[in-house]
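Now for the letters of each chain:
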Amino acid sequence: MAIIDTEISAAFLTEEQQEVRMAAREFAQRELLPGVIERDTHEIFPAEQIKKLGELGFMGMMVSPEYGGSGMDTVSYVLAMEELSKIDASASVCMSVNNSLVCWGLEKYGNEEQKRKYLVPLATGAKLGAFCLSEPEAGSDATSQRTTAEDKGDHYLLNGTKNWITNGGNADIYLVIAQTNPELRHKGINVLIVEKGMEGFTIGKKEEKMGIRGSDTHSLMFSDVRVPKENRIGVDGFGFRFAMETLNGGRIGIAAQALGIASGAYELSVQYSKERKAFGVPISQHQAIQFKLADMALKVENSRLLCLQAARIKDAGLDYAHASAMAKVYASEAAMWVSTEAVQVHGGYGYVKEYHVERMMRDAKITQIYEGTSEVQRIVISRGILK
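Figured I'd write up the structure that's included with this text. Throughout this document, residue positions are counted from 1 along each chain, in the order its sequence is written. Local features in this predicted model are restricted to residues whose pLDDT is 70 or higher, and side-chain atom pairs enter the listing and the counts only when it is 80 or higher, whereas totals over whole chains, interfaces and linings include all residues. Water and hydrogen atoms were dropped before computing side-chain values, which therefore reflect all heavy atoms in the structure.

**A few points about empty space enclosed by the protein**
A probe as big as a water molecule, rolled over the atoms, marks out the empty space that is left. Using a 1 Å grid laid over the protein atoms alone, points where a 1.4 Å probe fits but cannot get out form a cavity; open sets with protein on both sides within 12 Å along at least 5 of 7 lines form a pocket; any residue with an atom within 4 Å of a point counts as lining. Grid points are joined across faces, edges and corners, and a volume is the space filled by probe spheres set on the points. Applying the stated criterion across every chain, the model contains three cavities of 30 Å³ or more. When its volume is computed, the largest cavity comes out at roughly 40 Å³. Lining of the largest cavity is provided by Val 36, Arg 39, Asp 40, Asp 88, Ser 90, Ile 212, Arg 213, Gly 214, Arg 359 and Asp 363. At the level of elements, helix H3 (36-42) and helix H11 (357-367) are the ones that each hand at least two residues to the lining of the largest cavity. Counting residues per element, the lining of the largest cavity draws most heavily on H3, at three residues. Taken together, the residues that form the lining of the largest cavity break down as two nonpolar, two polar and six charged. Here a strand is any run of E in DSSP of at least two residues, a helix any run of H or I of at least four, and the numbering for each starts at the N terminus. Note on residue classes: Ala, Val, Leu, Ile, Met, Phe, Trp, Tyr, Cys and Pro are nonpolar, Asp, Glu, Lys and Arg are charged, and everything else, Gly too, is polar.

**Side note on the pairing of strand E3 (residues 155-166)**
Here the rule is simple: two strands pair whenever DSSP picks up at least two bridges between them. Examined bridge by bridge, strand E2 (residues 148-151) and E3 share four bridges and lie antiparallel to one another. Each residue of the ladder has a partner; that of Thr 148, found in E3, is Asn 159. Note that E3 and strand E7 (residues 217-228) share nine bridges and pair antiparallel. Note that in E7 the partner of Leu 157 across the bridge is Arg 226.

**What to know about the packing of helix H5 (residues 74-87) against helix H8 (residues 239-275)**
Every angle, taken between N-to-C directions, lies between 0 and 180 degrees, and every axis is a line fitted to C-alpha atoms, over only the stretch in contact when it is a helix. Interaxial distance between H5 and H8 falls to 7 Å at its minimum, and their mutual angle equals 40°. Taken together, the axis directions place H5 and H8 in an arrangement best described as oblique. The handedness of the crossing between H5 and H8 comes out as right-handed. On the side of H5, the interface is formed by Thr 74, Tyr 77, Val 78, Met 81, Glu 82, Ser 85 and Lys 86, while H8 contributes Ile 252, Gly 253, Ala 256, Gln 257, Leu 259, Gly 260, Ile 261, Ser 263, Gly 264 and Glu 267. Among the residues making up the contact of H5 with H8, the classes are represented as seven nonpolar, seven polar and three charged. Here roughly perpendicular refers to angles of 65 to 115 degrees, roughly parallel to angles under 35, roughly antiparallel to angles over 145, and oblique to all remaining angles. In a left-handed crossing the near helix is turned counterclockwise from the far helix by less than a right angle, and in a right-handed crossing that turn is clockwise. Note on definitions: a residue-residue contact is assigned when non-hydrogen atoms from the two residues lie within 4.5 Å.

**Focus: the pairing of strand E1 (residues 129-132)**
Of the two faces of E1, the one holding Gly 129 and Phe 131 and the one holding Ala 130 and Cys 132 are both buried throughout. The pairing of E1 with strand E4 (residues 173-179) spans four bridges and is parallel. Within the sheet, the bridge partner assigned to Cys 132 lies in E4 and is Val 176. Type-normalised accessible area, obtained with a 1.4 Å probe on protein chains alone, sets the label of each residue: buried when under 20%, exposed when over 50%, and partly exposed for intermediate values.

Given below as structure tokens:
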């Protein structure tokens, strides 16, 4: 696959950030590209690739070295996510969940014992995490949780069902959002650390998906699962705030994933347009194709700048909810549009697996749906504007 560097974005990166970008790019070409079509076709979880990502420090990028992480900034995380997503969005979403939904939440709000016991193996890649919010009825609405965590003094009894859980079958550690005091509504929600193998915890069927088929998505069932009180993150009733804060960061990861899909499809289109001939010349010389490539480049670069802006705001310690929502909406819609146009540029070849872009088009759609749909994100954006 050809790689097209953009001078506009690169000019704003530090030397360390550019090194992270190149390391992720090389890993994607060396480890993810071989077999990516087979993993997609047969829904094979990239276990070996995820293990290697952990060994290289990509599974706990923003975690402090004190807890086994790489101690990098959010900008570096966005750069790595883009490069990996150009090649294999299934592998990148596994990394994204572990980084921005699980590790970040544990480091930000977990106590010292929880960090030592759970964050260290997650950040080093020894274990894999999952974030469990979505439910059959509630979707990602944290205020309408039907999964319950009944307070029994020294433990909680966890009951309910979660679905659409990324890493659901392969994770070792699960952060589960559940309602403890329904009368308090969102103030009665808690987040519990659940370990695979706890009695009463069952992993349901694997979903057959249109895209990101290499990642595993499962329903999870909890039937009187006894969760020790020390596995609650934060004070009683902190779960709603935990979910909202964590999802804000998660949207930056998904925006970067969408950016990667878009930029990957764009780069393949540029390469193909120079090789494919029609009417005696490469199709890149036809204005109809040139206009498509120009529009694709605009959407990719705008997506990249929005992602980097959200990352920099987060790294500055400022409120980044508005910026992350904008990045997620724009980049996800750009990914869908650019990947669809990439199929068109490739013509009939774009409709077959060998040329990758049909997979990218299928993968792009989910970025408009998870971590809150584009419609939900527009609500977040409008609230930020009106506030």
